[in-house]
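These are the residues of each chain, in order.
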Amino acid sequence: MKIYETHAHLDFPKYDKDRENMLNKCFQSGIEYINNIGVDRKSIVASFQLADKYPQIYATAGFHPHDAEKYEAELVEQYATHPKCVAIGEIGLDYYRNLSPRKIQKEVFAQQIEIAIKHNLPIVVHDREAHADTLEILEKYLPPKVVFHCFAGDEIMAQKIYAHGWKISFTGTITYKNSTQINVVRNCPLDAFFIETDSPYLTPVPFRGKRNNPANLRYIIEKIADLKKISPKEIAACAFRNSQKFFLEK
Ligand SMILES: [Zn+2]
């Protein structure tokens, strides 16, 4: 089973003690590619260092809405031209924690969408309790390649996303008892989804509460397979094909 981990933060200090060992275990267990996601200056630089070191790792450049006030356009522009840059992200709006003023979040989101369009790069979107504004800003620009990371919207929003040819991505939250995404998973077209762990966060059942890692994608694959009544092998293959086409083919 070839697996594409589309969203992880493996540069975070939680992996400092055993990063190499953890990554090797992932690669041995079928993880073929990993997108390491930048959220601020430190993590952007660290993500591209990982990408330079490991052929299987790609990276993204972007300022998370939490860090919108620290936005540095030149840094994102600089890494947008790196040969292993697969997207601008994660960028977007977070009205749950509101760590930056909403006005600045919106401006910084829009500016980074413009960079993605200029460099012909996909966009990895973070949207937490900001569905309407996130869609409104994206629909103003209509970039061709957009993925809603850890999709948390409803069926109506998902349909709007598919209609634009955009994608959604599932994390370990779909394995949780209180998941609101069960019908979204069931009804999602086979060419419209990716899988991700968002490591070190959102660890799937049965390891919920522990540090996450990309090898846990198998539990997300199994859950999607179970909900869609399709074999895990086929789910993994669809997600792999979708992500490879989206991130690695220009
Ligand atoms: Zn993330």
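Residues numbered from 1 in each chain as written. Predicted model: local features only at pLDDT ≥ 70, side-chain atom pairs only at ≥ 80, totals over all residues. Heavy atoms only, no water.

## Let's talk about the state of the cysteines
Phase 1: With the rule as written, the count across this model stands at 0 disulfides.
Phase 2: The closest cysteine sulfur to the non-disulfide-bonded Cys26 is located on Cys150, 19 Å from its own sulfur. (Disulfide = S-S within 2.5 Å.)

## What to know about the packing of helix H3 (residues 73–80) against helix H4 (residues 102–118)
When two helices pack together, their arrangement is captured by the angle between the axes and the distance separating the axes.
Phase 1: Where H3 meets H4, the closest approach of the two axes is 11 Å, and the angle between their N-to-C directions is 25°. Between H3 and H4, the angle is such that the two are roughly parallel. For the pair H3 and H4, the sense of crossing is right-handed. Each of Ala73, Val76, Glu77 and Ala80 in H3 lies in contact with H4, whose residues at this interface are Gln112, Ile115 and Lys118.
Phase 2: Residues belonging to the contact of H3 with H4 are distributed by class as follows: 4 nonpolar, 1 polar and 2 charged. (Axes fitted to C-alpha atoms, helices over the stretch in contact; angles between N-to-C directions. Helix = DSSP H or I, 4+ residues; strand = E, 2+ residues; numbered from the N terminus. Parallel < 35°, antiparallel > 145°, perpendicular 65-115°, else oblique. Left-handed = near helix turned anticlockwise from the far one by under 90°. Contact = heavy atoms within 4.5 Å. Nonpolar A, V, L, I, M, F, W, Y, C, P; charged D, E, K, R; others polar.)

## Describing the nonpolar core
Phase 1: With 70 residues, the main nonpolar core has Phe148, Ile168, Phe170, Phe193, Ile195 and Ile224 as its most contacted residues.
Phase 2: When sequence neighbours within four positions are dropped, the list of residues in contact with Ile168 reads Val147, Phe148, Phe151, Ile161, Tyr162, Val184, Cys188, Ala192, Phe193 and Phe194.
Phase 3: Formed by 11 residues, the second largest nonpolar core is a distinct cluster that contains Tyr4, Val124, Phe194 and Phe247. (Core = buried A, V, L, I, M, F, W, Y, C linked by side-chain atoms within 4.5 Å. Buried < 20%, exposed > 50% of the residue type's maximum accessible area, 1.4 Å probe, protein only.)

## Structural notes on the packing of aromatic side chains
Phase 1: Tallied over the full model, the rule gives 15 aromatic pairs.
Phase 2: Seen from their ring centres, Phe48 and Tyr79 are 4.6 Å apart, and the 25° between their planes marks the pair as stacked. Here the residue Phe48 occupies a position in helix H2 (residues 41–53), and Tyr79 occupies one in helix H3, the gap between them amounting to 31 residues.
Phase 3: Between Phe207 and Tyr219 the ring centres are 5.7 Å apart and the planes differ by 75°, which places this aromatic pair in the edge-to-face class. Linking Phe207 in the loop between strand S8 (193–195) and helix H8 (217–228) with Tyr219 in helix H8, this pair joins segments that are 12 residues apart in sequence.
Phase 4: Among the residues examined, Tyr219 registers a relative accessible area of 17% and is labelled buried.
Phase 5: An aromatic cluster of at least three residues, connected via ring pairs, comprises Tyr4, Tyr33, Tyr58, Phe194, Phe240, Phe246 and Phe247.
Phase 6: A cation over an aromatic ring shows up here: Lys84 above the ring of Tyr58, its NZ or CZ 4.8 Å from the ring centre. (Phe/Tyr/Trp six-rings, centres within 6.5 Å; stacked < 30°, edge-to-face > 60°. Lys NZ or Arg CZ within 6 Å of the ring centre and 35° of its normal.)

Note that all results are geometric; they support no functional claim without further evidence.
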